[in-house]
Amino acid sequence: MKIVILDGYTENPGDISWAPFEKLGELVVYDYTAPSEIFERLSGVSVCLTNKTCFPGEVLEKLPNLKYIGCLSTGFNVVDVDYCRKHGITVTNIPEYATFATAQMTIALLLEIANKVGHHSDLVHDGVWTKGRDFCFWDGDLTELYGKTLGLFGFGKIASRVSRIASSLGMNVLACRRSEITEEMRKTDPQVTFVDEDTLWKESDVISFHCPLTPTTTGLVNAEIIAKMKDGVILLNTSRGPVLDEAAVASALRSGKISALGADVVSVEPIRESNPLLSAPNTFLTPHIAWAPKETRLRLMDVAAGNLSSYLNGSPVNVVS
């Protein structure tokens, strides 16, 4: 059986092995695949894997042999799952593989905003400390997180882990989610106080987003919602870029209503030169790397191969179609 990976470079730029897939069939890996190349590369192929290569219905209908699409990601919005469901194409994803790394990135962004480590390291290397008269110096306000309130919008496994780290730093943690809050959640995370959305916006010193991208969360953080927040609030986004109305956030950063933004995601990736966040003050942007530690990508590889193996054995898991 031939297995085709259409855009393998981000998952594996050469530092890990595709061996888990090589055990399952004849493996062909392409670093990238343009839309015009899909049909030739998947001609007669029943199994493929994709990260960001898109499969809308009009593409899928021209691939009659395709029976399995494995998403090398948690998100599966690049695939028309409704079409797949109707036409017997199994689609799988990789749930929760990046829980630890994404929580780590969330806290890393917060600590960078609070302590400005990179900025001060640059100043030291530029000779500013060497020329100083005092044993220390700092440039701009530094923030102690102890006693501050962190609000988590969305509360799954990533947010749960963030809450535990934040609590260990002495932060108070609030959380809200639009689906049911179970007693098990309350028992597992007693450090969290669950509140409604308005309370979260109004009482949080820091707000971190851990929600899926849906029609109701797209553009969620707009001027009206920002107006409800504390003056000087810090925003963190490691979920999906379009959750933020970037123009509204940039405007609030310029006015000081939002004191800082730390984001690993933006609305269009790679980021466009026209993105208003690039020119906004106190904005810390990283290029969608929360999932990128080698250990995390190895976990993704193992789960993706396990998904395919289970499908081939007639007992598919992590099915989204």
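Within every chain, residues take consecutive numbers counted from 1 along the sequence as written. Since the coordinates come from a predicted model, pLDDT governs what is reported: local features require at least 70, and pairs of side-chain atoms require 80 or more to be given and counted, while whole-chain, interface and lining totals use all residues. Computation of side-chain values covers all heavy atoms of the structure but excludes hydrogens and water.

A. How the structure looks around the packing of helix α5 (residues 99-115) against helix α7 (residues 157-168). Only the contacting stretch of a helix is used when fitting its axis, a line to C-alpha atoms as for every element, and angles between N-to-C directions run 0 to 180 degrees. We count a stretch as a helix when DSSP gives it H or I for four or more residues in a row; a strand needs E for two or more, and each element gets its number in order from the N terminus. Closest axis-to-axis distance for the α5/α7 pair is 9 Å, and the angle between their directions is 50°. Taken together, the axes of α5 and α7 are oblique relative to one another. Note that α5 runs across α7; the crossing there is right-handed. Residue-level contacts link Thr 99, Phe 100, Thr 102, Ala 103, Thr 106 and Ile 107 of α5 to Lys 157, Ile 158, Arg 161, Val 162 and Ile 165 of α7. Angles below 35 degrees are treated as roughly parallel, those above 145 as roughly antiparallel, those between 65 and 115 as roughly perpendicular, and all remaining angles as oblique. Take the far helix as your reference; a near helix turned counterclockwise from it by less than a right angle gives a left-handed crossing, and one turned clockwise gives a right-handed crossing. The contact criterion used throughout is that any non-hydrogen atoms of two residues lie within 4.5 Å.

B. Broad picture of the pairing of strand β10 (residues 233-237). Here the term buried applies to any residue with accessible area under 20% of the maximum for its type, exposed to any over 50%, and partly exposed to those in between, with areas from a 1.4 Å probe on protein chains only. Most of β10 is tucked away, with 5 of its 5 residues classed as buried. The side-chain alternation of β10 yields two buried faces, one formed by Val 233, Leu 235 and Asn 237 and the other by Ile 234 and Leu 236. Bridging between strand β9 (residues 206-209) and β10 involves 4 bridges; their strand directions are parallel. Along β10, the bridge assignment pairs Ile 207 with Leu 235. Convention used here: a crossover is right-handed provided that the path from the first strand, over the helix, to the second strand proceeds clockwise when the strands point away from the viewer. Tracing the backbone out of β9, into helix α10 (residues 223-228) and back to the parallel element β10 gives a crossover that is right-handed. Note: two strands are recorded as paired if DSSP finds a minimum of 2 bridges between them. Both β10 and strand β11 (residues 258-263) contribute to a ladder of 5 bridges, which runs parallel. Bridging from a neighbouring strand, Val 233 pairs with Ile 258 of β11. Of the crossover connections in this fold, the one passing from β10 over helix α11 (residues 246-255) to the parallel β11 is right-handed.

C. Region of the structure containing the packing of aromatic side chains. Pairing of aromatic side chains requires ring centres within 6.5 Å, counting the rings of Phe and Tyr and the six-membered ring of Trp. Pairs whose planes differ by under 30 degrees are stacked, by over 60 edge-to-face, and all others tilted. Counted according to the given criterion, the structure contains 7 aromatic pairs. Where Phe 153 meets Phe 209, the ring centres are 6.0 Å apart and the plane angle is 50°; that geometry is what we call tilted. Placement of the pair is Phe 153 in strand β6 (residues 149-153) and Phe 209 in strand β9, with a sequence separation of 56 residues. Here Phe 153 and Phe 209 have matching classes, each one buried. Taken together, the ring pairs connect Phe 153, Trp 201 and Phe 209 into an aromatic cluster. For a ring to carry a charge above it, either NZ of a lysine or CZ of an arginine must fall within 6 Å of the ring centroid while also lying within 35 degrees of the normal to the ring plane. Here the guanidinium or amino end of Arg 41 rests over the ring plane of Tyr 30, the centre of that ring lying 3.8 Å away.

D. Inspection of the pattern of salt bridges at higher detail. We define a salt bridge as a side-chain nitrogen of Lys or Arg found within 4 Å of a carboxyl oxygen belonging to Asp or Glu. Here the structure, examined in full by the defined rule, presents 9 salt bridges. For Arg 41, the salt bridge identified is with Glu 37, shortest N-O distance 3.5 Å. By relative accessible area, Arg 41 is classed as buried at 17%. The partner of Lys 257 in a salt bridge is Asp 231, and the shortest N-O contact between them spans 2.8 Å. A residue pair is termed long-range when its members are at least 10 positions apart, and Lys 257 in the loop between α11 and β11 and Asp 231 in the loop between α10 and β10 qualify at 26 residues.

E. Expanded view of the side chain of Lys 116. Tracing the sequence through the fold places Lys 116 in the loop between α5 and α6 (117-125). An unpaired buried charge is present at Lys 116: no salt bridge exists, and Asp 141, the closest side chain of opposite charge, is 6.8 Å distant. Polar contacts, as counted here, are pairs of nitrogen or oxygen atoms within 3.5 Å of one another; within protein the pair requires one atom able to donate a hydrogen and one able to accept it, and residues that are adjacent in sequence qualify only if both atoms are side-chain atoms. Polar side-chain contacts of Lys 116 include one of 2.6 Å to the backbone oxygen of Asp 141. Setting aside residues no more than four positions away along its own chain, Lys 116 makes contact with Leu 111, Asp 139, Asp 141 and Leu 142. Residues scored as positive are Lys and Arg, those scored as negative are Asp and Glu, and His as well as the terminal groups of each chain are ignored.

F. Representation of the sheet that holds strand β5 (residues 90-92). Overall, parallel pairing links the 5 strands, which are arranged β2-β1-β3-β4-β5 in an open sheet. Of all the strands in the sheet, the pair left with one neighbour each is β2 (26-29) and β5. Within the sheet, the average angular offset between the axes of one strand and its neighbour, ignoring direction, is 15°. Relative to β5, strand β4 (residues 68-71) runs parallel, the two sharing 3 bridges. Across the sheet, the residue bridging to Gly 70 is Thr 92, located in β5. Contacts between helix α12 (residues 294-312) and the sheet are confined to β1 (2-5), β3 (47-50), β4 and β5, with β4 contributing the most and set at about 160° to the helix.

G. The arrangement of the state of the cysteines in detail. In what follows, a disulfide is any cysteine sulfur pair within 2.5 Å. Under the counting rule described, the total for this entry stands at 0 disulfides. Distance from the sulfur of Cys 71, which forms no disulfide, to the nearest cysteine sulfur (Cys 48) is 8.7 Å. Looking at the unpaired Cys 176, the closest cysteine sulfur is the one in Cys 211, lying at 9.0 Å.

H. Structural view of the nonpolar core. Among the nonpolar cores identified, the biggest contains 29 residues, and Trp 201, Phe 209, Val 221, Leu 235 and Val 249 are the most heavily contacted of them. Elements represented by at least two residues in this core include exactly β7 (172-176), α9 (197-203), β9, α10, β10, α11 and β11. The leading source of residues in this core is α11, at 5 residues. Ignoring any residue separated from it by four or fewer positions in sequence, one finds Phe 209 in contact with Phe 153, Trp 201, Leu 220, Val 221, Leu 235, Leu 236, Asn 237, Thr 238, Ser 239, Val 243 and Leu 244. Judged by nonpolar contacts, the second largest core, of 25 residues, contains Met 105, Leu 150, Met 171 and Val 173. Residues belong to one nonpolar core when they are buried, are Ala, Val, Leu, Ile, Met, Phe, Trp, Tyr or Cys, and are joined through side-chain atoms within 4.5 Å.

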